[in-house]
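Notes for the structure review
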Amino acid sequence: VLWDTQKSCHGFHPALQRLCCQSLSGAGAPRWNDYDTPEEFNFASDVLDYWTQMEKEGKRGPNPALWWVNNQGDEVKWSFREMTDLTRRAANVFTQTCGLQEGDNLALILPRVPEWWLVIVGCIRTGIVFMPGTTQMKAKDILYRLQVSKAKGIVTTDTLAPEVDSVASECPALKIKLLVSDHSRKGWLDFRSLIQSESPVHTCIKSKTLDPMAIFFTSGTTGFPKMAKHSHGLALRSFFPSCRKLLQLKTSDVLWCLSDTGWILAVAGSLLEPWTAGSTVFAHHLPQFDPKVIVQTLFKYPITQCLAAPSVFRMILQQNSTSLRFPTLEHCCTGGEALLPEEQELWRRQTGILLYQAYGQSETGTTCGTLRGMKIKPGSMGKAIPPYDIQIIDDKGNILPPNTEGNIGIRIKPTRPIGVFMYYESNPVKTAEVECGDFYNSGDRATVDAEGYFWFLGRADDVINASGYRIGPAEVENALAEHPAVAESAVVSSPDPIRGEVVKAFIVLTPKFLSHDRDQLTKELQQHVKSVTAPYKYPRKVEFVSELPKTITGKIKRSELRKKEFGQM
Ligand code: BCO
């Protein structure tokens, strides 16, 4: 069932109206085709404003579109009508006040504050390409992003505004700085007061489905993060019946997605998926992650669905809470890193709720999953979600038989499916590198069984997946290299019972530091990495070595170190 509270497709452009009507025309009638792509699609006008219309017509219940709380007792509840009003104002702030235009890039570095939703939908209304980033970023990370994307604008809070100001002179394209704060700051526009004063009248652009909508930065083995550019098709994909089967959200559902606001999982789980279904998005703004507060929140609020990385569920289980029988929670879904069968079983025993796995990347959104109600095979990330054709491929793009280890490939030829990224912005070389025959090569290793269930094995390259964060070793090695104690370093993944994997640094010390206390030095180097780059990348394990394993050409053999960590040597 596409909509659960009504049977009208009123408000959609003709292409979608046709598709919706097909899906609603009763049993036996052709279902909405996962493979049919309307030429035009815009999430703001076709989805958000649709629910506003439903609210006006009394065809949607009184539950809010956004329910936001923080740990100081503040609460925001916005209906879809208010979301439409506020996001139209945001659109006017961007185009009228700031002079930004369709196709311009806007960096969005906000914690979980209500304005995060206003900025994203405001961008979608205007065709401005939003680029979310984690608030853990430091000046250097921000500088890189602003320079490589030639962003015309940035939206952030007063915590990060000084970091932005410290690098802004090196970013000639940056014209607009918008501050989300109760205070003002010189050189910055006050987003909150502009929202109040701007007009709520705005005409949404008629975006083509394949026009650009967002850029997500994603780490690789070498160099700095790449810019995976997505079209409006990413939002349309949440609309596909196949995709909606993953969570099977209803308008009465309250979905809490705990992913950091810098990642694609947050855009999908805290915005696209729930609002496509007309559900309530729940958000709790915590300055620091605290599993105790997560448990209290699941008891206190009528949350029906929860979406988070496996590390979050592990940390909740570690709490030794007297009870994890949450009164309203019905469905849990996890993705972003591997999950062990015993963890899934423990969650079921403690909560009485199954933990469903999904799989995706910044390049692809959710591509694979155990759909709600589908048989769970513990440890498996489920089956391909149409229209994605996922196969296990070799390095030439040949499809491998079941139960054979290979790369996870998503078919992109002859047709690139909706939802897969367009390309790495300004990087045709990297874009070409991930094309492998008819497939996009994810770089993740897995097998598929005879029933089509996928089993994740690990990365094919040196990328580290620590508690759901994708970390490039070079990013950490570069940060370490800035410290005078480090002659050279090699950064690899290491197993961890809570975070799945953590960053481990093998360090060769400079002669001056050889006699220093190792524990003290470890702490100092960890603190150093936290201070020069986003702290989630810091090496939680450090080992001092006299030399690093190298090839005859002098290249560090990270794979050798990694294998040792995982007991494979
Ligand atoms: O553990 P430590 O205390 O030593 O260090 C932590 C933080 O305390 C610290 N930190 C954070 N902000 C800081 C700071 N230090 C200095 N200044 C700041 N501003 O740095 C360390 C950060 O590590 P963390 O974020 O992993 O730690 P935390 O707080 O324990 O959080 C745990 C998780 C599980 C909540 C967190 O790791 C997380 O959110 N993981 C999930 C990430 C995610 O959403 N991934 C999905 C990506 S999208 C995708 O995969 C595609 C799927 C379709």
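Analysis parameters
Residues numbered from 1 in each chain as written. Predicted model: local features only at pLDDT ≥ 70, side-chain atom pairs only at ≥ 80, totals over all residues. Heavy atoms only, no water. Helix = DSSP H or I, 4+ residues; strand = E, 2+ residues; numbered from the N terminus. Contact = heavy atoms within 4.5 Å. Polar contact = N/O pair within 3.5 Å; in protein donor to acceptor, adjacent residues only side chain to side chain. Expected span 1.5 Å × (residues − 1). Buried < 20%, exposed > 50% of the residue type's maximum accessible area, 1.4 Å probe, protein only. Near = heavy atom within 4 Å. Areas by Shrake-Rupley, 256 points an atom, 1.4 Å probe, with all protein chains shown as cover. Nonpolar A, V, L, I, M, F, W, Y, C, P; charged D, E, K, R; others polar.

Turning to the environment of Arg-459, a few remarks are in order. Along the polypeptide, Arg-459 turns up in strand 22 (residues 454-459). Distance from Arg-459 to Arg-445, taken between C-alpha atoms, is 5.6 Å for residues 14 residues apart in sequence. If near-sequence neighbours (up to four positions away) are discounted, Arg-459 is found in contact with Gln-361, Ser-442, Gly-443, Asp-444 and Arg-445. Reaching out from Arg-459, the side chain makes a polar contact with the backbone oxygen of Ser-442 at a distance of 3.0 Å.

This part takes up helix 2 (residues 43-56). With 14 residues, helix 2 extends 19 Å from end C-alpha to end C-alpha; this agrees with the ideal 20 Å at 1.5 Å per step. Of all 14 residues in helix 2, 11 are buried; the element is thus mostly enclosed. Inspection of helix 2 places Phe-43, Ala-44, Asp-46, Val-47, Leu-48, Asp-49, Tyr-50, Trp-51, Thr-52, Met-54 and Glu-55 among the buried residues, and these make up the whole buried set. Backbone nitrogen of Ala-44 and a side-chain oxygen of the N-cap are separated by 2.9 Å at the start of helix 2; the cap is Asn-42. Positioned one or two residues after helix 2, Gly-58 has a phi angle of 70°, which is positive.

Let us now look at the site of the ligand. If you check the shell around the ligand, you find 25 residues, and the closest are Ser-259, Gln-288, Ser-467, Tyr-538 and Arg-540. A distance of 3.0 Å is found between an oxygen atom of the ligand and a side-chain nitrogen or oxygen belonging to Gln-136. Between the ligand and the protein, one listed contact pairs an oxygen atom with a side-chain N or O atom of Ser-259 at 2.7 Å. Contact with the protein chains hides 77% of the accessible area of the ligand, taken as 1,100 Å² for the molecule alone. Those elements giving two or more residues to the shell around the ligand turn out to be helix 10 (264-276), helix 12 (310-317) and strand 14 (355-361). A total of three residues in the shell around the ligand trace back to one element, the largest contributor, which is helix 12. For the shell around the ligand, the class distribution of residues is 11 nonpolar, nine polar and five charged.

Turning our eyes to something else, we now look at the environment of Ala-107. Following the sequence through the fold, Ala-107 ends up in strand 3 (residues 105-109). A relative accessible area of 5% places Ala-107 in the buried class. Measuring from C-alpha to C-alpha, the distance between Ala-107 and Ser-149 comes to 8.8 Å, with 42 residues separating the pair along the chain. Aside from chain neighbours lying at most four places away, what touches Ala-107 is Met-131, Leu-146, Ala-151, Gly-153, Ile-154 and Val-155.

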